[in-house]
Amino acid sequence: MTAAAKHLTPVMLELGGKCPAVVDELSSSWDIEMTIRRILAGKFGICAGQACIGIDYILVEKKFKSTLVQQMKVFIKKLFREDPKETNTIARIINKNHLMRLKNLLDEPLVKASIVYGGSIDEDHLFIEPTILVDPPLNAAIMNEEIFGPLLPIITLEKIEDCIEFIRSRPRPLAIYAFTKNEKLKRRLISETSSGSLTFNDTIVQYVADSLPFGGVGESGFGRYHGKFSFDAFTHEKAVVKRNFLTDVWFRSPPWNDHKLELFRSIYRYDYLDLVLITLGIKKKSKKP
């Protein structure tokens, strides 16, 4: 932005952020399975979480936490096999510095104590296994920095509606994912939260659809692109006006008087009937200053 400002060049800025996934209580076993599969694919399956639109943490009711965690453990093994490092079913961390940053996030004592699955790290092979944490401290770095890796905190709430206040209390994310059949909750998430995108009952698909604009808001960036939105974002629409010399609006030029002022007021209000009545002298002068 600094470099562009020197030349007065407009820019678009896409940042990451901590993208939450809201998981409502689901009763159908099929709905639960699809939710788990889509969460795991959206978190661990996309570059081992090294994606700006990947899920950063999950918000869930306390009473549904056990079901969620249990099913996630089962499906991690189904999707990524018993030993994902050996089967190469999950990506490596991009470099040693990034791996050490992730390792430091886990090494905080209270964070390490919240691990319920995974946590092993192979520095030589740049590998971190899928890791689930439950209620790590909210003031810990893992809950305040963008994780960008295969670490998935789960934060429990008394009731799922509390997710709105939780999300609003933090920087605006690039994406929000919400798994729910509750139409009222959907409407509240749409109207009461701010994010680059909001996806119900799936992950990542909003990025793939080139008919939808993609971009952040506030701390997660500004501007939008993808498909025609990219063309529009990097195109200047130059206005071109052509007129002839045959006619003109007589009251656009000085000298000014109250009658011309009344005509201008009508134009600014797009009140063309009023304009005609004033021109014909049918309507009296307005008392407005």
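What comes next concerns the included structure. Small disclaimer: the values here were computed from a predicted structure and weren't measured.

Rules and cut-offs
- Residues numbered from 1 in each chain as written.
- Predicted model: local features only at pLDDT ≥ 70, side-chain atom pairs only at ≥ 80, totals over all residues.
- Heavy atoms only, no water.
- Helix = DSSP H or I, 4+ residues; strand = E, 2+ residues; numbered from the N terminus.
- Contact = heavy atoms within 4.5 Å.
- Areas by Shrake-Rupley, 256 points an atom, 1.4 Å probe, with all protein chains shown as cover.
- Buried < 20%, exposed > 50% of the residue type's maximum accessible area, 1.4 Å probe, protein only.
- Pairing = 2+ DSSP bridges.
- Salt bridge = Lys/Arg side-chain N within 4 Å of Asp/Glu carboxyl O.
- Axes fitted to C-alpha atoms, helices over the stretch in contact; angles between N-to-C directions.
- Phe/Tyr/Trp six-rings, centres within 6.5 Å; stacked < 30°, edge-to-face > 60°.
- Parallel < 35°, antiparallel > 145°, perpendicular 65-115°, else oblique.
- Left-handed = near helix turned anticlockwise from the far one by under 90°.
- Nonpolar A, V, L, I, M, F, W, Y, C, P; charged D, E, K, R; others polar.

### Regarding the overall build of the protein chain
- Regarding its fold elements, the protein chain presents twelve helices and eleven strands.
- When its C-alpha atoms are laid out on the principal axes, the protein chain stretches across 85 × 45 × 35 Å.
- A separation threshold of at least 6 residues defines the contact pool for the protein chain, and within that pool the share at least 24 residues apart is 60%.
- Within the structure as shown, the protein chain displays about 16,800 Å² of accessible surface, and the carbon and sulfur contribution to it stands at 56%.

### Brief notes about the pairing of strand β9 (residues 176-179)
- Side-chain alternation along β9 places Ile176 and Ala178 on one buried face and Tyr177 and Phe179 on a second face that is also buried.
- Note: strand β2 (residues 20-23) against β9, three bridges, orientation parallel. Bridging from a neighbouring strand, Ala21 pairs with Tyr177 of β9.
- By the bridge criterion, three bridges tie β9 to strand β10 (residues 198-200) in an arrangement that is parallel.

### Quick notes on the pattern of salt bridges
- Counted according to the given criterion, the structure contains 19 salt bridges.
- The salt bridge involving Arg188 is made with Glu192; its shortest N-O contact spans 2.9 Å. Of this pair, Arg188 and Glu192 are both found in helix α8 (residues 183-192), four residues apart, which corresponds to roughly one turn of the helix.
- Between Asp248 and Arg252 there is a salt bridge whose closest N-O contact spans 3.1 Å.
- The class of Arg252 is partly exposed, set by a relative accessible area of 46%.

### Here's the deal with the sheet that holds β2
- Taken in spatial order, the seven strands make up an open sheet running β4-β7-β8-β3-β2-β9-β10, and their pairing is mixed. With one partner strand each, in any of the chains shown, β4 (115-117) and β10 form the two edges of the open sheet. Neighbour-to-neighbour, the strand axes of this sheet turn through a mean angle of 25°, independent of strand direction.
- Bridging between strand β7 (residues 131-134) and strand β8 (residues 151-157) involves four bridges; their strand directions are parallel. Each bridged residue has a counterpart across the sheet, and for Val134 the counterpart in β8 is Ile154.
- Along the sheet face, helix α2 (residues 29-45) touches β2, β3 (57-61), β7, β8 and β9 and points at about 135° away from the line of β8.
- Along the sheet, α8 makes contact with β9 and β10, crossing β10 at roughly 170°.

### Some thoughts on the environment of Leu263
- The topology assignment puts Leu263 in helix α11 (residues 258-268).
- Setting aside residues up to four positions removed in sequence, Leu263 forms contacts with Trp250, Phe251, Leu275, Ile278 and Thr279.

### What to know about the side chain of Lys18
- For Lys18, the location among the structural elements is in the loop between β1 (13-14) and β2.
- A relative accessible area of 14% places Lys18 in the buried class.
- Excluding anything up to four places from it in sequence, Lys18 contacts Asp56, Tyr57, Ile142, Met143, Asn144, Glu145, Glu146, Ile147 and Pro173.

### Considerations on the packing of aromatic side chains
- Counted under the stated rule, the structure contains eight aromatic pairs.
- Arranged with centres 4.9 Å apart and planes meeting at 90°, the rings of Tyr207 and Phe214 form a pair that is edge-to-face.
- The class for Tyr207 is partly exposed, based on a relative accessible area of 37%.
- Between the aromatic rings of Trp250 and Phe251, the centroid separation amounts to 5.5 Å while the plane-to-plane angle is 85°, which identifies the pairing as edge-to-face.
- Accessibility expressed as a relative area gives 5% for Phe251, which makes it buried.

### So, the packing of α11 against helix α12 (residues 272-279)
- It is at 8 Å that the axes of α11 and α12 come closest, and there the two elements cross at 165°. As summarised for this structure, α11 and α12 are arranged roughly antiparallel, according to the angle between their axes. With respect to the hand of their crossing, α11 and α12 are arranged in left-handed fashion. Contacts between α11 and α12 involve His259, Glu262, Leu263, Ser266 and Ile267 from the former and Asp274, Leu275, Ile278 and Thr279 from the latter.
- Here the contact of α11 with α12 is composed, by residue class, of four nonpolar, three polar and two charged.

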